[in-house]
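Each chain is listed here by its residues.
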There are 4 protein chains.
Amino acid sequence: MLVVMQAHATDEQVRAVCQKIESLGYRAHSIPGTQRTAIGITGNQGEVEAGTLEEMPGVQEVIRVSKPYKLVSRDLKEENTVIGFSGTQATFGGRNLAIIAGPCAIESREQALAIAERVCRAGAQFFRGGAYKPRTSPYTFQGLGEEGLRIMAEIRDRFGMKIVTEAIDNESLELVEQYADVIQIGARNMQNFSLLKRAGRTKKPVLLKRGMSATLEEFLMAAEYIMSEGNYRVVLCERGVRTFADHTRNTLDLSVVPAVQRLSHLPIVVDPSHGTGKRNKVTPLSRAAVAVGADGLIVEVHNQPDKALSDGMQSLYPEQFEELMAQVRQIAVVLGRAIFPIRADVQVVKSSAAQVGPQPLAQ
Amino acid sequence: MLVVMQAHATDEQVRAVCQKIESLGYRAHSIPGTQRTAIGITGNQGEVEAGTLEEMPGVQEVIRVSKPYKLVSRDLKEENTVIGFSGTQATFGGRNLAIIAGPCAIESREQALAIAERVCRAGAQFFRGGAYKPRTSPYTFQGLGEEGLRIMAEIRDRFGMKIVTEAIDNESLELVEQYADVIQIGARNMQNFSLLKRAGRTKKPVLLKRGMSATLEEFLMAAEYIMSEGNYRVVLCERGVRTFADHTRNTLDLSVVPAVQRLSHLPIVVDPSHGTGKRNKVTPLSRAAVAVGADGLIVEVHNQPDKALSDGMQSLYPEQFEELMAQVRQIAVVLGRAIFPIRADVQVVKSSAAQVGPQPLAQ
Amino acid sequence: MLVVMQAHATDEQVRAVCQKIESLGYRAHSIPGTQRTAIGITGNQGEVEAGTLEEMPGVQEVIRVSKPYKLVSRDLKEENTVIGFSGTQATFGGRNLAIIAGPCAIESREQALAIAERVCRAGAQFFRGGAYKPRTSPYTFQGLGEEGLRIMAEIRDRFGMKIVTEAIDNESLELVEQYADVIQIGARNMQNFSLLKRAGRTKKPVLLKRGMSATLEEFLMAAEYIMSEGNYRVVLCERGVRTFADHTRNTLDLSVVPAVQRLSHLPIVVDPSHGTGKRNKVTPLSRAAVAVGADGLIVEVHNQPDKALSDGMQSLYPEQFEELMAQVRQIAVVLGRAIFPIRADVQVVKSSAAQVGPQPLAQ
Amino acid sequence: MLVVMQAHATDEQVRAVCQKIESLGYRAHSIPGTQRTAIGITGNQGEVEAGTLEEMPGVQEVIRVSKPYKLVSRDLKEENTVIGFSGTQATFGGRNLAIIAGPCAIESREQALAIAERVCRAGAQFFRGGAYKPRTSPYTFQGLGEEGLRIMAEIRDRFGMKIVTEAIDNESLELVEQYADVIQIGARNMQNFSLLKRAGRTKKPVLLKRGMSATLEEFLMAAEYIMSEGNYRVVLCERGVRTFADHTRNTLDLSVVPAVQRLSHLPIVVDPSHGTGKRNKVTPLSRAAVAVGADGLIVEVHNQPDKALSDGMQSLYPEQFEELMAQVRQIAVVLGRAIFPIRADVQVVKSSAAQVGPQPLAQ
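Rules behind the numbers
- Residues numbered from 1 in each chain as written.
- Chains lettered and ligands numbered in written order.
- Predicted model: local features only at pLDDT ≥ 70, side-chain atom pairs only at ≥ 80, totals over all residues.
- Heavy atoms only, no water.
- Buried < 20%, exposed > 50% of the residue type's maximum accessible area, 1.4 Å probe, protein only.
- Helix = DSSP H or I, 4+ residues; strand = E, 2+ residues; numbered from the N terminus.
- Contact = heavy atoms within 4.5 Å.
- Pairing = 2+ DSSP bridges.
- Axes fitted to C-alpha atoms, helices over the stretch in contact; angles between N-to-C directions.
- Parallel < 35°, antiparallel > 145°, perpendicular 65-115°, else oblique.
- Left-handed = near helix turned anticlockwise from the far one by under 90°.
- Nonpolar A, V, L, I, M, F, W, Y, C, P; charged D, E, K, R; others polar.

### Some points on helix α5 (residues 170–179) of chain D
No. 1: Turning to α5(D), its buried residues are N170(D), S172(D), L173(D), V176(D), E177(D) and Y179(D).
No. 2: Against the buried residues of α5(D) lie α5 (170–179) of chain C together with α4 (146–159), β9 (162–166), β10 (182–185) and α6 (193–199) of chain D.

Structural data, given as structure tokens:
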């Protein structure tokens with residue numbers, strides 16, 4: 001159920017409707033739009049009797065939502081959700097595309113800083129890097145844990161980049177929440193409903209990756225899990241699905257981008273690195289992702305891909321990432337969007353243990 | 001790496017090798033077989049220098065394992081793993097097939113007991129029922145939680161059945177561990193590595209369902225996660241994979257049964273209910289599962305499928321389950337296996353709130 | 001549309017209805033059943049006005065068929081279709097399972113006869129062997145063509161086996177039609193509608209293999225193409241579908257057997273050789289196929305699998321086929337079906353260029 | 001095997017090598033490049049002894065090709081294949097993208113001409129339309145046959161567009177060969193090897209669509225079938241593959257475009273209409289296809305999609321196609337490619353039975 005308020009409804013009227021909903025034993029989700037506020041009702045098993053709500057001051061109409069998802073739906077919120085951050089103009093869902101770049105895993109401070117300065121300089125506003133890695137084998141590198149988080153915090157301080165990193169369970173989420181700007185939920189956890197609910201109770205935006213064989217509806221329902229707990233800042237991410245095709249690691253399903261945009265107000269980005277699993281496919285598919293209308297990219301970059309502890313085969317060399325940025329920048333323009341320019345102020349210096357990266361930037 | 005002890009090696013020699021392995025900073029997994037004991041080594045990133053171990057008393061040879069899984073492998077343990085329980089002859093992997101039956105979710109004490117007496121009478125030794133349900137939507141029935149576990153404990157007491165139920169996160173696992181006999185890890189959590197590790201630290205056997213798009217190797221690696229933490233009592237479960245085919249909910253991949261048996265010593269059972277999603281397909285596919293060589297079945301049975309809160313479409317009526325048992329019993333014989341007989345001592349009484357089921361049975 | 005005749009309707013009445021249908025510009029398909037005759041109407045774009053037909057003598061009712069398939073449907077014919085052959089008791093769809101065995105391709109007279117005598121002796125009534133091979137590469141062995149057909153005709157004469165072989169285009173179909181007893185349409189041609197129509201105009205039964213990614217409806221529609229041309233003797237064959245799973249060559253979808261049997265009166269057999277692509281999986285999946293209720297098996301057997309020009313990996317040794325027969329024979333009994341016994345009269349002689357196989361059998 | 005000639009090798013030397021190859025019982029495929037000529041050898045079962053060829057005048061080296069495909073491979077021909085047509089600058093594989101547009105099926109002269117003038121005006125140089133339709137059901141519209149071909153020939157005369165249309169068997173191919181400029185082989189026939197060989201013996205270029213579940217290697221091998229018969233003008237076409245995803249009719253696999261371009265010199269175009277099956281997805285995926293680097297698009301356009309006899313759901317309105325062209329034109333520029341401009345000379349007139357389309361154009 002969905003209560004649509006009148007355009008001129010007051011905050012007080014909105015509050016009164018929410019209180020009424022809560023008093024009926026349900027949960028109210030007030031979602032302000034540019035034209036009007038809508039209030040999603042969740043927690044009802046069956047139907048809420050609309051009558052009492054429809055008669056309240058400021059209410060325009062009460063709509064029954066037939067789709068299984070409510071809060072992710074455009075029915076609730078017509079305009080695109082734009083997720084912003086303090087201290088930067090970077091957003092998810094805004095005019096500028098969100099470019100997230102970095103290594104698969106944080107392997108060392110030196111490696112992370114060396115990569116960060118390159119991708120920052122090329123125009124990426126978000127840095128990615130795994131501190132907790134969900135690995136197929138229990139015997140392979142599982143990430144540096146909190147040490148990795150600390151390194152990324154240093155990258156934020158030094159380069160002004162926002163940090164995107166994965167939480168794999170409630171314990172890691174608690175730490176990620178403290179250090180990162182965006183909490184990533186990986187493909188293997190897309191239906192780890194317990195983790196989704198926990199992510200729904202953080203204050204940080206969540207980047208939710210599509211599961212390997214998730215339908216569109218399951219993907220949206222996973223986002224609904226997060227939102228139903230009160231965290232409305234969810235970014236969806238297409239990262240390829242599992243099919244019979246064997247020329248790429250996964251099959252990147254770009255059609256899900258316009259499909260999501262039709263049904264939901266949430267931003268959606270594309271991961272061409274996992275989506276293809278092959279370095280030489282990342283740039284063409286990045287161009288395609290921007291052309292199809294994605295709100296951003298998440299790309300693996302490594303300074304020494306052949307020595308990477310994970311996903312080396314799909315990581316770009318920094319030079320390749322710069323070239324990728326140059327190409328997608330032009331495609332973005334065609335779609336009326338933009339990518340942040342090269343930051344010439346970020347000096348690329350020779351990496352050394354003693355002095356890595358440029359001087360800290362005043363934000 | 002794998003240390004194979006001589007046939008006549010003493011316990012002391014085994015212990016000494018384990019201590020040596022631990023002293024090198026690795027983890028030793030001693031797995032006794034009928035002929036000889038093998039000791040799996042995990043925790044090594046690269047190669048363990050075999051020399052020092054090979055020279056120890058009682059050691060026959062040190063084998064490098066090329067497969068990514070070690071503890072699940074037949075290389076480590078040639079004989080089938082048989083998982084037994086106190087107070088019953090029922091096993092996983094023994095001559096008798098393990099038949100697990102019950103409703104998708106525990107909905108009420110009355111429902112659960114009514115179903116339990118029917119499936120117990122028909123010869124099922126294990127009762128299944130969800131107390132914690134991983135549901136696609138946050139707004140649908142999520143299970144009764146601990147109350148559901150208590151009802152199942154009563155079923156164990158009353159009918160002598162062993163309880164199989166799902167844990168969906170660390171919190172529920174702690175409770176499930178206390179109440180249940182077998183902890184189920186669902187398909188959606190097959191690569192929830194954090195939960196797998198936690199399950200590896202319980203004392204209870206784990207029933208691990210194959211993920212919706214898991215390859216055989218990923219499936220075995222998930223079991224390896226559990227075993228690498230010290231819990232060697234893992235039962236695998238094929239429950240259908242996701243494909244383009246739309247005449248069933250999932251495509252039941254029975255070929256994975258002989259494939260698992262070739263590579264691993266672990267028992268494997270089949271879930272024809274989720275594997276097909278259609279009541280009228282459950283019995284034929286149960287026959288096929290037994291014929292292909294599965295070590296058991298897990299079947300959804302409901303006394304009122306059309307009123308079930310979940311999975312009603314695929315739940316058998318009790319009469320249908322009895323018929324299924326009659327059919328698979330004959331197929332089992334052809335394979336030199338057996339199914340426990342009908343328990344005529346379990347009286348099927350009219351269910352009532354006051355007096356449900358027969359008197360408790362002395363096992 | 002479907003005209004159901006009364007139980008006591010005369011042949012003349014049936015003929016009159018057919019003539020009426022043809023005079024309206026449609027095509028009439030008279031399908032006699034044990035209780036009653038039904039007449040399928042095809043060739044109508046939209047709806048046939050039922051009135052005139054309903055009033056004719058002997059007509060019980062006129063049914064509008066909502067499914068896209070008509071002639072394959074159980075709505076048209078309730079009883080199972082049983083396809084028999086002169087000079088043998090072997091059938092498709094009867095009480096005895098149809099066992100088809102032989103090499104992937106006919107490579108030489110000697111090879112074919114050597115295999116034939118082994119599989120015939122073991123109880124197979126149908127011999128398979130490719131004379132025209134649809135190969136992925138234009139540069140690999142494409143079959144012996146008519147010479148292969150002649151060798152199979154000799155096998156029929158010598159052993160009394162019925163011959164099943166593939167036609168890959170109109171030209172080969174014309175020859176196959178002359179030599180074989182059952183015309184096979186391969187998976188790659190399941191939607192070669194031109195070939196299906198041509199097969200619909202032969203007098204020989206057609207074995208139609210499911211396409212690699214065919215849905216159940218597409219599979220049935222392909223059979224409908226054949227039947228719509230007047231050939232009602234169609235045998236369906238499940239041979240595995242293409243999925244992400246990589247432990248077998250294809251994923252054998254046994255659930256399609258009961259699914260077909262629910263919707264259609266046509267017999268369905270299973271090909272565990274292509275369905276798994278691995279020798280060691282063929283026997284377990286054959287057991288499962290019989291247990292699920294299939295009407296027969298088609299199995300690749302080769303006397304020298306490691307020297308086979310195609311599909312050697314999935315071909316059984318003759319001894320393995322004998323063992324397979326022994327096992328499925330027992331499973332068949334559980335389902336109230338049977339497999340023809342071992343033919344001790346077929347002597348297995350040492351193969352030599354001079355004298356291959358036993359003396360010709362009087363049929 | 002592959003014979004690479006020296007840069008300055010004479011035609012006579014090339015001819016002599018070809019004759020030598022033929023005299024050895026093989027087939028020689030001379031493929032001239034800008035730098036050098038290469039000669040592919042097919043028809044050899046095993047290995048050709050390289051010695052005699054290597055010693056011939058003008059031969060630089062003889063290379064053994066390890067891949068199963070030879071003639072499609074970049075090993076044979078490094079530069080992209082560009083397929084041109086007399087009387088137009090339109091090509092497949094050249095700087096200008098090949099835009100193919102038109103209805104799924106030719107339904108009538110009026111419909112076809114009305115659509116043709118719209119798509120021609122918008123800049124499409126190729127007109128598509130089915131005269132022979134491979135339909136899932138034998139009871140649905142199967143195409144106008146030769147009448148459809150005649151209508152398309154009129155469109156070529158009137159608008160100067162080149163005609164692309166499907167052949168579904170040898171019979172239709174003979175007619176299509178006479179009327180059309182490009183022969184399409186549909187997805188369902190991608191492994192109809194008999195038809196591929198026949199297409200390899202025509203003089204017209206062939207547009208080969210990827211099968212619904214074809215791997216990259218199978219796709220290239222299907223092209224190899226055509227080329228092995230001597231027709232080297234093959235255009236590949238990605239049209240979506242079959243997966244579990246249900247938000248589109250097929251899953252468009254854009255990664256196959258760079259994958260093909262890496263391995264083969266053949267041009268590849270994309271069909272976003274079948275690739276998505278939904279009108280509102282066609283334009284975004286067309287942008288993506290051009291951005292990923294495709295050599296062209298094949299798009300379904302209908303003047304009255306809701307009345308289309310087939311594929312109406314995925315057909316664009318002419319206005320939508322114009323908008324699509326405007327968008328992809330800009331993306332093409334970013335990739336250093338172009339799309340032919342709007343042809344203002346093609347007047348869009350009100351369609352009427354009497355006077356359809358503009359006056360014939362002098363080519």
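### A short note on the sheet that holds strand β1 (residues 2–5) of chain B
Residue and element names in this part refer to chain B.
No. 1: Read from one edge of the open sheet, four strands run β2-β3-β1-β4, paired in antiparallel fashion. Each edge of the sheet is formed by a strand with only one pairing partner; in this case those strands are β2 (27–32) and β4 (59–63). Pairs of neighbouring strands in the sheet enclose a mean axial angle of 20°, with direction left out of account.
No. 2: In this sheet, β4 lies alongside β1 in antiparallel orientation, the contact comprising four bridges.

### Points about unusual backbone geometry
No. 1: Even without a glycine there, the phi angle at D311(A) is positive, about 55°.
No. 2: You can see D311(A) is positioned in the loop between β14 (296–300) and α11 (318–334).

### With respect to the packing of helix α8 (residues 256–263) of chain A against helix α10 (residues 279–292) of chain D
No. 1: Running from N to C, α8(A) and α10(D) cross one another at 130°; their axes reach a closest spacing of 9 Å. Taken together, α8(A) and α10(D) sit at an angle that is classed as oblique. Relative to α10(D), the crossing made by α8(A) is right-handed. Residues P258(A), A259(A) and R262(A) of α8(A) form the contact with α10(D), whose own contacting residues are N280(D), K281(D), P284(D) and L285(D).
No. 2: Here the contact of α8(A) with α10(D) is composed, by residue class, of four nonpolar, one polar and two charged.

### Looking at the environment of N96(A)
Residues and elements named next belong to chain A.
No. 1: Position of N96 among the secondary structure elements: in the loop between β6 (91–92) and β7 (98–102).
No. 2: Counting along the chain gives 199 residues from N96 to D295, while the straight-line C-alpha distance between them is 8.0 Å.
No. 3: Look past the residues within four positions of N96 in its chain and what remains in contact with it is T91, A338, I339 and F340.

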